[in-house]
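# Architecture and fold: a report
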Amino acid sequence: MPTLSPTLDDLVDALKRLPGLGPRSASRIAEQLLSDDRRQAAKLLKTLERAVKTVKHCELCNTLTDEVVCPICADASRDRTKICIVETPADQRVIEETMAYRGLYFVLMGLISPVKGIGAEDINMQKLLERVKKDKLVREVLIATPFTPEGDATAHFIAKAMASVAPQIRVTRLARGIPAGVELEYTDANTIAGAIFGRR
Ligand SMILES: [Zn+2]
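## Things to note about the packing of aromatic side chains
According to the stated counting rule, one finds one aromatic pair in the structure shown. Between Tyr101 and Tyr105, the aromatic rings sit 5.3 Å apart at their centres with planes inclined by 70°, giving edge-to-face as the arrangement. Judged by its relative accessible area of 4%, Tyr101 falls in the buried class. With relative accessibility at 0%, the residue Tyr105 sits in the buried group.

This is the structure we're talking about:
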């Protein structure tokens with residue numbers, strides 16, 4: 001079939017790059033957005049534009065927020081001796097929902113992956129190390145990266161780096177009990193709460 005709309009093809013291509021979207025769902029979303037009623041598309045466009053302009057990384061924990069310092073980092077009632085390291089803001093949200101953890105966070109926005117050629121310099125490791133070097137209150141770093149090869153590589157790197165820049169800080173990892181290869185985002189709150197208390 002000849003290309004009917006190169007513009008539509010470009011839209012499908014752009015959507016295909018989003019996580020979890022294959023070619024079929026990308027096409028369906030594109031066609032839905034371009035259906036006769038285009039109010040949905042207009043609303044999405046406006047919301048996306050505002051989000052791209054407004055949402056930034058918290059200066060301290062690197063999570064996505066509208067503020068310079070996010071509400072969790074700014075909350076004086078949080079336990080400032082603990083930092084929990086997660087891959088994504090979605091993982092952070094899962095841990096918050098367990099209500100088992102009252103410390104602070106650091107969000108890497110990625111994992112080290114030798115296979116994909118992603119090194120420590122490509123995720124926000126430097127920002128994390130600078131933070132723990134400067135922040136004298138931190139006593140424990142709790143690594144909550146997933147139990148996947150990438151999550152393991154990242155945890156291993158963090159443990160080694162922490163031992164050299166801040167050897168006084170205790171480094172623990174969210175205990176197993178969370179099935180290997182399963183993303184935190186899809187793990188139930190009780191299992192995560194158990195893993196937080198069972199950490200080694
Ligand atoms: Zn923050």
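That shown, we press on.
## Remarks on helix α7 (residues 149–165)
With 17 residues, α7 extends 24 Å between its outermost C-alpha atoms, agreeing within 8% with the 24 Å of an ideal straight helix rising 1.5 Å per residue. Every buried residue of α7 is accounted for by Gly151, Thr154, Ala155, Ile158, Ala161 and Met162. Looking straight down α7, one finds that the buried residues subtend no more than 135° of arc, so they occupy a single side. Opposite the buried face of α7, by more than 90 degrees, sit the exposed residues Pro149, His156, Lys160 and Ser164. Looking at the buried positions of α7, the neighbouring elements they touch are β3 (79–86), α6 (125–134), β5 (140–143) and β6 (170–173).

## Topic: the coordination of the zinc ion
Any two of four tetrahedral donors ideally make an angle of 109.5 degrees at the metal, while pairs among six octahedral donors ideally make 90 or 180 degrees. Here the zinc ion is held by Cys58 (SG), Cys61 (SG), Cys70 (SG) and Cys73 (SG), and the distances to it run 2.3 Å. In this structure, the zinc ion is coordinated by four donor atoms arranged in tetrahedral fashion, with angles at the metal of 106 to 117°. Summarised as a motif, the one-chain spacing of the donors to the zinc ion is C-x2-C-x8-C-x2-C. Relative accessible area serves as the criterion here: at 4%, Cys73 is assigned to the buried category.

## Overview of the nonpolar core
Soluble, globular proteins show a tendency: their nonpolar side chains are buried together. Counting 20 residues, the largest nonpolar core has Ile85, Leu108, Met125, Leu128, Val141 and Ile158 as the members making the most contacts within it. For this core, the elements supplying multiple residues, two or more each, are β3, α6, β5 and α7. Excluding anything up to four places from it in sequence, Ile158 contacts Ile85, Leu108, Met125, Leu128 and Ile143.

What counts, and at which threshold
Residues numbered from 1 in each chain as written. Predicted model: local features only at pLDDT ≥ 70, side-chain atom pairs only at ≥ 80, totals over all residues. Heavy atoms only, no water. Phe/Tyr/Trp six-rings, centres within 6.5 Å; stacked < 30°, edge-to-face > 60°. Buried < 20%, exposed > 50% of the residue type's maximum accessible area, 1.4 Å probe, protein only. Helix = DSSP H or I, 4+ residues; strand = E, 2+ residues; numbered from the N terminus. Expected span 1.5 Å × (residues − 1). Arc of directions from axis to C-beta. Contact = heavy atoms within 4.5 Å. Donors = N, O, S within 2.8 Å, 3.2 Å for Na, K, Ca; no water. Tetrahedral: all angles 85-135°; square planar, octahedral: opposite > 155°, others 65-115°. Core = buried A, V, L, I, M, F, W, Y, C linked by side-chain atoms within 4.5 Å.

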